[in-house]
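# Coordinate analysis (summary)
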Amino acid sequence: MAFRFWRRIKLAPGVTLNLSKTGGSLSFGPRGGKFTVGPRGRRASFGIPGTGLFYMQPLGGGKTRRARDGARRRRSAASGATEDTRAGDAPTRYQKERASRRLTLGFFKRLITPDDEETLVAGLREHVLGNEDAALELFEKSAHLADSAFLAGFLSLKRNRLAAAARHFETAAENHRRLGRYLGKYGITAEMVVPITGELLAVVSPNLRGTLLGLVETYQLQKKWDRAIETLEHLRRLVPGDLVITLSLAELLIDRAPDDKITCDKVVRLAKGVRNESDLHAALLLYKAKALRGLGLSEAARDLLSKTLRRRAGRTAELLHALRYDRALLYETMGQKKRARRDFEKIYVEDPDYEHVRERLGIPVDG
């Protein structure tokens, strides 16, 4: 997960300038479908407004990051510039300084700004400048404000301070109607970007959905499974069409009780009507197959995995390996050892270190 701030400036209808620590970018298009040009190249994103989900697809025509970095190093070496002084770093420093100035309260404004709000703004400024420890300390001082609690929760989670993270998320959830109040006042967008696959991102904003997802992550790391499941089920009632929430719940339920009939039936019903339209859908179908296996419906599970594996275009290798590995395990259970071995061999050829595939094939493991 990556935590980022940026300032978004509307230049014209459908045209937005995004200023962040990594530089500036321009976005064109209506909400839900944008074309972006920035330091990381050109990309198109398409999403459903209000769901927190969008696809991000890189577009050709620009240099890759590795190529840009190599060219920059060659230019620096030719000119005698050091890594710290090369021209390519100037925009980043400029954007950071500009954002910092935007978050610096003047003398008269400080006279009328409440202390807790001033502390929050100071924390935002420290985070923009890259001083996360100082930012967290300031957010915690003003954590009775919903925005501060939300930010402190994610920064605490990043540092594995789980008890503090849970406390802050719970505070933010209790005051969720005030989330975004001060961030909006100062023109700041704060988002948690959660990669689901190489192409699909889930965007978590300062709202109840984002706060509860952070709380679920914290509960899982604390091994408080029941509370994590309870929170995800509450989220599904709030946002019933959110596939990230549905997939997270299915995964947690199966990991907790893979052989429990009631749990497996619940997962099958969670995946009702899901089609193999994306990596996210395919992953949910994988957990449906696991649930069918837990219910003793091996042939149905095998058929579902085989059908899902037929669509390989656009799927990540890791997901395809997971689907094939589960099908191989099913083949073993059904006594079809030749088919199981064929699947294990295909995985081994592409990724010899995947799961226990070498052991399944009888190949010696070093160490």
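Residues numbered from 1 in each chain as written. Predicted model: local features only at pLDDT ≥ 70, side-chain atom pairs only at ≥ 80, totals over all residues. Heavy atoms only, no water.

Attention now moves to the overall build of the chain. Helix and strand content of the chain: 17 helices and 8 strands. Within the chain, buried positions represent 45% of all 367 residues. For the chain, long-range pairs separated by at least 24 residues make up 49% of all intrachain contacts whose partners lie at least 6 apart in sequence. When the accessible area of the chain is evaluated, it comes to approximately 20000 Å², of which 51% is carbon and sulfur surface. (Helix = DSSP H or I, 4+ residues; strand = E, 2+ residues; numbered from the N terminus. Buried < 20%, exposed > 50% of the residue type's maximum accessible area, 1.4 Å probe, protein only. Contact = heavy atoms within 4.5 Å. Areas by Shrake-Rupley, 256 points an atom, 1.4 Å probe, with all protein chains shown as cover.)

Take the confidence of the model for the chain next. With 65% of its residues at a pLDDT of at least 70, the chain reaches an overall mean of 75. Highest mean pLDDT in the chain belongs to helix α14 (residues 298-309) (97); lowest belongs to helix α1 (residues 65-79) (40). This model gives residues 1-9 a pLDDT under 50, and the stretch forms 51 contacts once residues within four places in sequence are excluded. Per-residue pLDDT stays below 50 along residues 46-57; that stretch engages in 42 contacts with residues further than four places along the chain or on separate chains. (pLDDT = per-residue confidence, 0-100.)

Next up on the list: the side chain of Arg324. Among the secondary structure elements, Arg324 is positioned in helix α15 (residues 317-333). On the basis of relative accessibility, which here comes to 11%, the residue Arg324 falls in the buried class. Residue contacts for Arg324: discarding those within four places in its chain leaves Leu309, Arg312, Asp343, Lys346 and Ile347.

Looking now at the environment of Pro258. Looking at the element boundaries, Pro258 is found in the loop between α11 (243-256) and α12 (261-270). Overall, Pro258 belongs to the partly exposed group, its relative accessible area being 38%. Taking the C-alpha atoms as reference, Pro258 lies 9.2 Å from Leu295; in sequence the two are 37 residues apart. Once residues lying within four places of it in the same chain are set aside, the contact partners of Pro258 are Cys264 and Gly294.

Once that is clear, we can look at the pattern of salt bridges. The tally for this structure, following the rule as stated, stands at 17 salt bridges. In this structure, Lys158 engages Glu132 in a salt bridge whose closest nitrogen and oxygen atoms are separated by 2.9 Å. Highlighted residues: Lys158 in helix α6 (residues 146-158) and Glu132 in helix α5 (residues 132-141), separated in sequence by 26 residues. Looking at Glu132, the relative accessible area reads 19%, which means it is buried. Notably, a salt bridge pairs Glu233 with Lys266, separated by 3.3 Å at the nearest N-O pair. Taken together, the residues Glu233 in helix α10 (residues 225-238) and Lys266 in helix α12 connect sequence positions 33 residues apart. (Salt bridge = Lys/Arg side-chain N within 4 Å of Asp/Glu carboxyl O.)

Over its 13 residues, α6 extends 19 Å from the first C-alpha to the last, a length consistent with the 18 Å expected when each residue adds 1.5 Å. Within α6, the full set of buried residues consists of Ala146, Asp147, Ser148, Ala149, Phe150, Leu151, Ala152, Gly153, Phe154, Leu155, Ser156 and Leu157. At the C-terminal side of α6, Asn160 shows a positive phi close to 65°. (Expected span 1.5 Å × (residues − 1).)

A cluster of basic side chains, namely Arg312, Lys338, Arg339, Arg342 and Lys346, defines a positive patch on the protein surface. Within the secondary structure, Arg339 sits in helix α16 (residues 337-350). (Patch = residues over 30% accessible without salt bridge, like charges linked within 9 Å, V, L, I, M, F, W, Y side chains within 5 Å. Lys, Arg positive; Asp, Glu negative; His and termini not counted. Charge placed at Lys NZ, Arg CZ, Asp CG, Glu CD.)

With that settled, the discussion passes to the packing of α14 against α15. Relative orientation of the contacting elements α14 and α15 amounts to 150°, with a least axis distance of 10 Å. With respect to each other, α14 and α15 are oriented roughly antiparallel. When you trace α14 past α15, the crossing you get is left-handed. Counting all contacts with α14, which are made through Ser298, Ala301, Arg302, Leu305, Ser306, Thr308 and Leu309, the residues of α15 involved are Leu320, Leu323, Arg324, Asp326, Arg327, Leu330 and Tyr331. (Axes fitted to C-alpha atoms, helices over the stretch in contact; angles between N-to-C directions. Parallel < 35°, antiparallel > 145°, perpendicular 65-115°, else oblique. Left-handed = near helix turned anticlockwise from the far one by under 90°.)

Moving on to the nonpolar core. Of all hydrophobic cores here, the largest spans 82 residues; its most connected members are Leu120, Phe139, Leu151, Leu232, Val267, Leu284 and Phe344. The element contributing the most residues to this core is helix α13 (residues 279-294), with 10 residues. (Core = buried A, V, L, I, M, F, W, Y, C linked by side-chain atoms within 4.5 Å.)

The next subject is the environment of Leu183. Within the secondary structure, Leu183 is located in helix α8 (residues 181-185). For Leu183, a relative accessible area of 3% gives the class buried. A C-alpha to C-alpha distance of 9.5 Å links Leu183 and Ser148, two positions 35 residues apart in sequence. Discounting chain neighbours no more than four positions away, the residues touching Leu183 are Leu124, Asp147, Leu151, Ile188, Ala190 and Pro206.

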